[in-house]
Amino acid sequence: MAVPVAFFALFFAYPVTAIVGRGIKAEGDWQFGRIGEVLSRPDILDVLWFTTWQALASTALTLLIALPGAYVFARFDFPGKQVLRAVVTVPFVLPTVVVGTAFLALLGRGGLLDELWGVRLDTTVWAILLAHVFFNYAVVVRTVGGLWSQLDPRQEEAARVLGAGRFAAFRRVTLPALAPAVAAAALMVFLFTFTSFGVVQILGGPAYSTLEVEIYRQTAQLLDLPTAAVLTLVQFAAVGGILAVHAATVRRRERALKLVDPAQTSRRPRGVGQWALLGGVLLTALLLILLPLGVLVERSFDGPGSYGFGYYEALQSVGAGGSSTFLVPPLEAVGNSLRYALVATLIALVVGGLAAAALTRRAGRLVRGFDALLMLPLGVSAVTVGFGFLITLDKPPLDLRTSWILVPLAQALVGVPFVVRTMLPVLRAVDDRLREAAAVLGASPLRAWREVDLPLVRRAVLVAAGFAFAVSLGEFGATVFIARPDNPTLPVAVARLLGRSGELNYGQAMALSTILMLVCAVSLLLLERIRTDRSGEF
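Residues numbered from 1 in each chain as written. Predicted model: local features only at pLDDT ≥ 70, side-chain atom pairs only at ≥ 80, totals over all residues. Heavy atoms only, no water.

Student: Is there a simple way to explain the overall build of the chain in this structure?
Tutor: Along the chain, the regular secondary structure elements total 23 helices and 4 strands. When each of the 538 residues of the chain is scored for burial, the buried share is 53%. In the chain, once contacts between residues fewer than 6 apart in sequence are set aside, the share between residues at least 24 apart is 78%. Summed over its atoms, the accessible surface of the chain is roughly 24000 Å², and 63% of this surface lies on carbon and sulfur atoms. (Helix = DSSP H or I, 4+ residues; strand = E, 2+ residues; numbered from the N terminus. Buried < 20%, exposed > 50% of the residue type's maximum accessible area, 1.4 Å probe, protein only. Contact = heavy atoms within 4.5 Å. Areas by Shrake-Rupley, 256 points an atom, 1.4 Å probe, with all protein chains shown as cover.)

Put into C-alpha cells, the structure is as follows:
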C-alpha cells in the first residue's frame, strides 16, 4: 500500500487540503464562520438547489428510459446484440466536452432542431437532462442488465403458475432481487450528475450552474477562494455520503443472490409485445445515442457552402480564419492527448494495480477504508484538484508547474479507481493456495506474482488499461487549469474553440470532437473484445 498511499497523499489529499485551507484560513486562523456565511447566500443556495434537483431528475429520467434496455439486453438474444452493447456504452467513455458538443450540434443555435423546426433547447434544463441520460444510459443498462441476465427466470415463472399476474410476479419476485443493482446504478448516476461540469458549462449557459461549475467560476473567474473552498467541502461531504451508501448497497448485492449462467436466461423475443419492446429499445438507442453522435459528425463536414474536410484542414494551421485561439495548430492537441493519456494509463496501472493487490489481502478496517478513499477522485471537484496542483506543486523538489508530467498525474487520479474496480474482483478470485504452493517451491513473492497472478489477471489488466486510457483522454476539469497554452489536450482545445464566436471555430470544435469520439470508440470496441466479465458489468 505504500506507493498508492504516497501517490494519493501527494497528488490528491495535499492539493485539495491546501486549496481548501487557503480558502477558509486568514492570517493564520481558521475562519469556519465563512462556511455559514457562504451557505446563507441566496445565489449559493440556488446553486445547491439546482445541483441537487437536476441530479435527482437526471437519475429518475435515466432509470425510466434505461431499465427497458437493461431487460432487453438481459433476456433477449437478437442479431447485433454485442455491437449494440458496445454502441450504448460509447457515451460513458466519451469526454463530457464531446457530449456537450454533440447536443449543442443537435439542440443549439444552427443545430438540427433549429434548422428543421426553429426550436432551440440549449441554455435550457432539458438539454442538460437529455445529455445526462445520454451519458449515463449505459451505467443502468450494464449494471442492472448484468445482474438481470443472471437471475433465474424460473422463480418468476413459478409465481405466474401460482396465479400471480405478470406485473405482480415482477414486483414481488424480480424487483426485490434487482433492487440492490438498481440502487447501485441510481447512486452512480446521481454521483456523476451531481458533479457534472462539462455538460452544464456548455449546454446550460450562465443561467444554470452546478457545484462543480460554480467552483470553477469562483476560482478561475472571480478568484474567490473562500467561496470555492466552502463549496468544495460541501461537495466532498455529499460525495462521501453517496459513496458510503453505494458501498453498503454493493455489499448487500454480493451477499443476497444466487446467480445462474447468463446463457441460460437469454432467448429470442416471442410475441408481439416482446418484439415491440425490442423495437422500442432500438429506437431509443437510435434517437438518444446515435442521432447526437451522427449530427456531431455531420456538422464537422458541413463547411461553408458545401460538405468537405475544410474544418479538418483548418486544424493544421495556427490562426486559421483570423483566429488566435491557439499558439500551435489545434491538430497538435491530438498528439498531446494521446501522449498524456498513455503516460497517465501507465501511472494508473502501477498505482491501481498495487492498490488492488493490497486490497486482496484481508488486513482489517485500514484496507477497507483505503478501498473507499480510492473512489473519491471520481466525485471530488476536479477543478479544485487542478487549481491545487498549481498552488502546491510549485516549490523544489516538486516544482512541476512547467513540467509536462503534471497533466498525466491529474489524469491518472481519475484512472486509478477504474483500474482498481476492474482488477480487484479478478485478483480476489485467485486461489491463495496457488501462491502458497509457489512459495513452498521456493518462489519469491515477486516471482509468485509474475508466475501465478499475472497470467490469470492479464486480460483484466488490458481491460483496466483501456478504461484508464479512455477516461484520461477525456479528463477536462483539472486539465483545463494545468494544460499549457502550447500543449493543449483535445477536451481543452474543444472548450477553447466553443468559447469563441465564429463559424470556423465552431466547425473546428465539431471536427476535434469527432476525432476524440472516434479514439474513445475504438478503445471501447477493443475492450469489448478482451473483457473478462461475461455478465457485462463495468
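Student: Explain unusual backbone geometry here, please?
Tutor: Trans peptide bonds make up most of the peptide bonds, and negative phi angles are found at most residues other than glycine. Despite not being glycine, Thr123 has its phi angle at roughly 65°, a positive value. In this fold, Thr123 is placed in the loop between helix H6 (112-117) and helix H7 (125-148).

Student: Can you walk me through the nonpolar core in this structure?
Tutor: The tendency in soluble globular proteins is for nonpolar side chains to be buried side by side. Core analysis: the biggest nonpolar cluster contains 162 residues, and Phe7, Leu94 and Phe389 have the highest contact counts within it. The element that contributes the greatest number of residues to this core is H7, accounting for 16 residues. (Core = buried A, V, L, I, M, F, W, Y, C linked by side-chain atoms within 4.5 Å.)

Student: What exactly am I supposed to notice about a nonpolar patch on the surface here?
Tutor: Residues Leu283, Leu286, Leu287, Leu290 and Leu291 make up a contiguous nonpolar surface patch of roughly 420 Å² in combined accessible area. According to the relative accessible area criterion, Leu283 is partly exposed, its value standing at 46%. (Patch = residues over 30% accessible without salt bridge, like charges linked within 9 Å, V, L, I, M, F, W, Y side chains within 5 Å. Salt bridge = Lys/Arg side-chain N within 4 Å of Asp/Glu carboxyl O.)

Student: Just checking my understanding: could you explain the pattern of salt bridges for this structure?
Tutor: Pairing between side chains of opposite charge can happen when their charged atoms approach one another. Considering all chains together, one arrives at 7 salt bridges under this definition. Here Asp122 and Arg120 are joined by a salt bridge, their closest N and O atoms 2.9 Å apart. Here Arg120 falls in the partly exposed class, since its relative accessible area comes to 41%. Close ionic contact of Arg217 with Glu214 constitutes a salt bridge, the shortest N to O distance being 2.8 Å.

Student: For this particular structure, what's the right way to read the confidence of the model for the chain?
Tutor: When pLDDT drops low, the exact placement of atoms in the prediction is not to be read closely. On average, residues of the chain score 81 in pLDDT, and 89% of them reach the 70 mark or higher. Helix H3 (residues 42-75) holds the highest mean pLDDT among the elements of the chain, 92, whereas helix H16 (residues 365-373) holds the lowest, 65. Contacts for the low-pLDDT stretch residues 532-538, under 50 throughout, to residues beyond four places or in other chains number 22 contacts. (pLDDT = per-residue confidence, 0-100.)

Student: For this particular structure, what's the right way to read the packing of helix H1 (residues 2-24) against helix H15 (residues 332-360)?
Tutor: Packed helices, taken two at a time, are described by the angle their axes make and the gap between the axes. As a packed pair, H1 and H15 sit with axes 7 Å apart at the nearest point and diverge in direction by 125°. Classed by the angle they form, the pair H1 and H15 counts as oblique. The hand of the H1/H15 crossing is left-handed. Facing H1, whose interface residues are Val3, Pro4, Phe7 and Phe8, H15 presents Ile347, Val351, Leu354 and Ala355. (Axes fitted to C-alpha atoms, helices over the stretch in contact; angles between N-to-C directions. Parallel < 35°, antiparallel > 145°, perpendicular 65-115°, else oblique. Left-handed = near helix turned anticlockwise from the far one by under 90°.)

Student: Would you mind going over the environment of Pro91 with me for this structure?
Tutor: Along the polypeptide, Pro91 turns up in helix H4 (residues 81-93). Its relative accessible area of 0% is what places Pro91 among the buried residues. Separated by 46 residues in the primary sequence, Pro91 and Tyr137 have C-alpha atoms spaced 8.1 Å apart. When sequence neighbours within four positions are dropped, the list of residues in contact with Pro91 reads Val99, Phe134, Phe135 and Ile289.

Student: How do you make sense of the side chain of Thr232 when you look at a structure like this?
Tutor: Along the chain, the position of Thr232 falls in helix H12 (residues 225-256). There is a polar contact of 2.9 Å between the side chain of Thr232 and the side chain of Thr384. For Thr232, the contacting residues outside a window of four places in its chain are Val20, Ile215 and Thr384. (Polar contact = N/O pair within 3.5 Å; in protein donor to acceptor, adjacent residues only side chain to side chain.)

Student: Can you help me understand the packing of aromatic side chains in this one?
Tutor: Aromatic ring pairs are reported here in terms of the distance separating the ring centres and the angle at which the planes meet. Applying the stated criterion across every chain yields a total of 18 aromatic pairs. With centroids separated by 5.6 Å and ring planes inclined at 25°, the aromatic side chains of Phe190 and Phe194 adopt a geometry described as stacked. Of the two residues, Phe190 and Phe194 both sit in helix H9 (residues 166-194), 4 residues apart, roughly one turn of that helix. Of the two residues, Phe190 and Phe194, both sit in the buried class. (Phe/Tyr/Trp six-rings, centres within 6.5 Å; stacked < 30°, edge-to-face > 60°.)

Student: I tried to follow H1 on my own but got confused; where do I start?
Tutor: Three or four residues apart is the spacing at which side chains of an α-helix point the same way, because the helix has 3.6 residues per turn. Its 23 residues give H1 an end-to-end C-alpha distance of 31 Å, which sits within 8% of 33 Å, the value for a rise of 1.5 Å per residue. Of all the bends found along H1, the most pronounced is centred on Ala9 and spans about 40°. If you check which residues of H1 are buried, you get Pro4, Phe7, Phe8, Phe11, Phe12, Pro15, Val16, Ile19, Val20, Gly21, Gly23 and Ile24. (Expected span 1.5 Å × (residues − 1). Bend = angle between axes of the 7 residues up to and from the residue.)

Student: Help me out: how do you make sense of the packing of H1 against helix H18 (residues 406-429) in this one?
Tutor: Where H1 meets H18, the closest approach of the two axes is 11 Å, and the angle between their N-to-C directions is 120°. By the angle between their directions, the pair H1 and H18 is classed as oblique. The handedness of the crossing between H1 and H18 comes out as left-handed. Judged by residue contacts, Phe7, Phe8, Phe11 and Phe12 of H1 engage Leu409, Ala412, Leu413 and Val416 from H18. Of the residues in the contact of H1 with H18, the class split is 8 nonpolar, no polar and no charged. (Nonpolar A, V, L, I, M, F, W, Y, C, P; charged D, E, K, R; others polar.)

Student: What is the right way to read the environment of Gly240 from this model?
Tutor: On the secondary structure map, Gly240 appears in helix H12. Of the residues examined, Gly240 reaches a relative accessible area of 29% and is grouped as partly exposed. Separated by 140 residues in the primary sequence, Gly240 and Val380 have C-alpha atoms spaced 8.9 Å apart.

Student: How should the environment of Leu293 be read in this particular structure?
Tutor: Along the polypeptide, Leu293 turns up in helix H13 (residues 271-301). Of the residues examined, Leu293 reaches a relative accessible area of 11% and is grouped as buried. Residues Leu293 and Ser513, spaced 220 residues apart in sequence, show a C-alpha to C-alpha distance of 9.8 Å. The contacts of Leu293, once residues within four sequence positions are left out, are Val90, Leu94, Phe134 and Met517.

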